[in-house]
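Coordinate analysis (summary)
Residues per chain, in single letters:
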Amino acid sequence: NAGVMQNPRHLVRRRGQEARLRCSPMKGHSHVYWYRQLPEEGLKFMVYLQKENIIDESGMPKERFSAEFPKEGPSILRIQQVVRGDSAAYFCASSPRNREMNTEAFFGQGTRLTVV
Amino acid sequence: GENVEQHPSTLSVQEGDSAVIKCTYSDSASNYFPWYKQELGKRPQLIIDIRSNVGEKKDQRIAVTLNKTAKHFSLHITETQPEDSAVYFCAASMNTGFQKLVFGTGTRLLVSP
């Protein structure tokens, strides 16, 4: 089992460009979560998705940020018109369909976005 | 919403000593409390977790205690080793059918040989 795969590991974008971050969940996992970690801070929940559905996006900024998890392919976190404050590590986590509540979520290695 | 506070922000111990990290949470509906270890530049890795129907859980040198009445939980590491040096995060989540974790701000643990 390859684990949660995120790419790219590092991404540099100039202000105003778009950033696309990809996450492939662990095999058999149908729940994907995105978290953002600013330097020297804890992780902050952004969005929770199941295949083709956004379940909870309460942590997503209202503008410029969007997420999807299509029927085929990885989950994508898209940041349009990036600004310096978007520089952070973005972690994806996945968990299996909850046969019981609160099963462990497995994190990917993260994408470190730097906006210059 | 839920708020998780974590103390201390940094902790330095000598190899072989014990380390204790404490967290408090605000929402009594939270019922799942994992602890993650994050080494520099790497992913958070689950080291131990506890659910609200249990007061204590132990796994070798690591233990977690939960006081639901006081809404706090603690991580205990005994016989610390230099490889325990990392940032440790506590988190809390409610029984909502999916895992929306609220993280503490982290504790940087340094174990000196």
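As the structure is a computational prediction, the values presented were derived from the model and not from experiment.

1. Some points on the interface of chain A and chain B
- Taken residue by residue, the interface counts 25 residues in chain A and 23 residues in chain B.
- Overall, the association of chain A and chain B removes approximately 2,100 Å² of surface from exposure, summing both partners, and the carbon and sulfur fraction of that is 47%.
- If you look at where chain A meets chain B, you find two salt bridges.
- Here D56 of chain A and K100 of chain B are joined by a salt bridge, their closest N and O atoms 3.3 Å apart.
- Of all the secondary structure elements, the ones that give two or more residues to the side of chain A that touches chain B are β4 (29-37) and β5 (43-50) of chain A.
- Taken together, the residues of the side of chain A that touches chain B break down into 10 nonpolar, eight polar and seven charged.

2. A few points about the state of the cysteines
- This structure, assessed with the given rule, holds two disulfides over all chains.
- In this model C23 of chain A forms its disulfide with C92 of chain A; the gap between the sulfur atoms is 1.8 Å. On the sign convention where negative means left-handed, the S-S torsion of about -55° between C23 of chain A and C92 of chain A marks this disulfide as left-handed. Here the residue C23 of chain A occupies a position in strand β3 (residues 19-24), and C92 of chain A occupies one in strand β9 (residues 88-96), the gap between them amounting to 69 residues. Here C23 of chain A matches C92 of chain A in class, with each residue buried.
- With a sulfur-sulfur separation of 1.9 Å, C23 of chain B is cross-linked through a disulfide to C90 of chain B. Between C23 of chain B and C90 of chain B the sulfur-sulfur dihedral comes to about -100°; the bridge is accordingly left-handed. With C23 of chain B in strand β3 (residues 19-25) and C90 of chain B in strand β9 (residues 86-94), this pair connects stretches of sequence that are 67 residues apart. Of the two residues, C23 of chain B and C90 of chain B, neither departs from the other in class, the shared state being buried.

3. Digging into the sheet that holds strand β7 (residues 62-67) of chain B
Residues and elements named next belong to chain B.
- Taken in spatial order, the five strands make up an open sheet running β1-β3-β8-β7-β6, and their pairing is antiparallel. Both outer strands of the open sheet, β1 (4-7) and β6 (56-59), are each paired with one neighbouring strand and no more. Ignoring which end each strand starts from, the neighbouring axes of this sheet average 15° apart.
- Of the strand pairs in this sheet, β1 and β3 are connected by four bridges, and their pairing is antiparallel. Along β3, the bridge assignment pairs H7 with K22.

Parameters and conventions
Residues numbered from 1 in each chain as written. Chains lettered and ligands numbered in written order. Predicted model: local features only at pLDDT ≥ 70, side-chain atom pairs only at ≥ 80, totals over all residues. Heavy atoms only, no water. Contact = heavy atoms within 4.5 Å. Buried area = accessible area lost by both parts, 1.4 Å probe. Salt bridge = Lys/Arg side-chain N within 4 Å of Asp/Glu carboxyl O. Helix = DSSP H or I, 4+ residues; strand = E, 2+ residues; numbered from the N terminus. Nonpolar A, V, L, I, M, F, W, Y, C, P; charged D, E, K, R; others polar. Disulfide = S-S within 2.5 Å. Buried < 20%, exposed > 50% of the residue type's maximum accessible area, 1.4 Å probe, protein only. Pairing = 2+ DSSP bridges. Axes fitted to C-alpha atoms, helices over the stretch in contact; angles between N-to-C directions.

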